[in-house]
Amino acid sequence: MGFWKQVFRPRVSVLKGGHVLTDNVEGKGLVNRMSVIKGRKSGEVKVTTAFGHKHFTLSQIEWEQSGDRNVGKAYGSTILSTALVGSVGTIAEVAVRALKKDNSTAYIYLIDEEGEEHKILVQCTKEQFVQIYKLCNLYKIK
């Protein structure tokens, strides 16, 4: 695998299940970020955390889209922008503040070396999901 593929691998926030991603005793409860890269065998992935790396078989991945717009926050700051900068500032402020924040999650099902399946909940964008999906040609969106 090339150097740049290693550098630009998808890094996602771990919300639940991170304790199975490391053998490090001190790190079991502290895993909050992970990277997934393709392993040597078909279907195998290498999961890297701040506490080391571990090999798993990627069983499946499910993506759940979520997002919200904070229009109330945008409206509140619009009054101040109008007073300070005028109508141009108002338009720019609403556009920036009302951007959609992506809170999508994915369940990644990993099988360890003993054959036990683990369910990991991560926060990721659709682009990150597609990158992880392409590692094993799995596709299941809820």
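Just so it is clear, the model here is predicted, and its values are computed rather than measured.

On a plain count of helices and strands, the chain comes out with 4 helices and 9 strands. From first element to last, N terminus to C terminus, the chain shows the α and β order α-β-β-β-β-β-α-α-β-β-β-α-β. Counting the 142 residues in the chain, one finds 38% classified as buried. Counting only contacts in the chain whose residues sit at least 6 apart along the sequence, the fraction spanning at least 24 positions is 58%. Entry remark: accessible area of the chain is about 9100 Å², with carbon and sulfur atoms responsible for 54%.

Attention shifts here to the nonpolar core. Formed by 22 residues in total, the largest nonpolar core has its most connected members in Leu21, Met34, Val45, Ile108, Leu110, Ile120 and Val122. Mapped onto this core, the elements with two or more residues apiece are strand E1 (11-16), strand E2 (33-38), strand E3 (44-49), strand E4 (52-64), strand E7 (105-111), strand E8 (117-123) and helix H4 (126-136). The element contributing the most residues to this core is E4, with 4 residues.

Aromatic ring pairs are described here by two measures, namely the spacing of the ring centres and the angle between the planes. Counted by the stated rule, this structure contains 1 aromatic pair. An angle of 25° between the planes, with centres 5.9 Å apart, marks the rings of Trp63 and Phe129 as stacked. Here the residue Trp63 occupies a position in strand E4, and Phe129 occupies one in helix H4, the gap between them amounting to 66 residues. Residue Trp63 shares its accessibility class with Phe129, and that shared class is buried. Lying over the aromatic face of Tyr107, Lys119 brings its terminal NZ or CZ to 4.5 Å of the ring centre.

Atomic detail in the predicted coordinates should be set aside for any region of low pLDDT. Averaged over the chain, the pLDDT score is 74; the fraction of residues at 70 or greater is 63%. The secondary-structure element of the chain with the lowest mean pLDDT is strand E9 (residues 140-141), recorded at 44, while E8 shows the highest, at 93. Here residues 138-142 is a poorly scored stretch, pLDDT under 50, and it has 17 contacts once near neighbours within four places are set aside; other chains count.

The next thing to look at is the pattern of salt bridges. Tallied over the full model, the rule gives 1 salt bridge. Asp23 is the salt-bridge partner of Lys54, the closest N and O atoms lying 3.1 Å from each other. Here the residue Lys54 occupies a position in strand E4, and Asp23 occupies one in the loop between E1 and E2, the gap between them amounting to 31 residues.

Summarising the element assignment, Thr105 is placed in strand E7. Under the relative-accessibility criterion, Thr105 is labelled buried at 15%. Those residues in contact with Thr105 that sit more than four places away from it in its chain are Leu15, Glu62, Trp63, Glu64, Leu121, Val122, Gln123 and Cys124.

The rules behind each value
Residues numbered from 1 in each chain as written. Predicted model: local features only at pLDDT ≥ 70, side-chain atom pairs only at ≥ 80, totals over all residues. Heavy atoms only, no water. Helix = DSSP H or I, 4+ residues; strand = E, 2+ residues; numbered from the N terminus. Buried < 20%, exposed > 50% of the residue type's maximum accessible area, 1.4 Å probe, protein only. Contact = heavy atoms within 4.5 Å. Areas by Shrake-Rupley, 256 points an atom, 1.4 Å probe, with all protein chains shown as cover. Core = buried A, V, L, I, M, F, W, Y, C linked by side-chain atoms within 4.5 Å. Phe/Tyr/Trp six-rings, centres within 6.5 Å; stacked < 30°, edge-to-face > 60°. Lys NZ or Arg CZ within 6 Å of the ring centre and 35° of its normal. pLDDT = per-residue confidence, 0-100. Salt bridge = Lys/Arg side-chain N within 4 Å of Asp/Glu carboxyl O.

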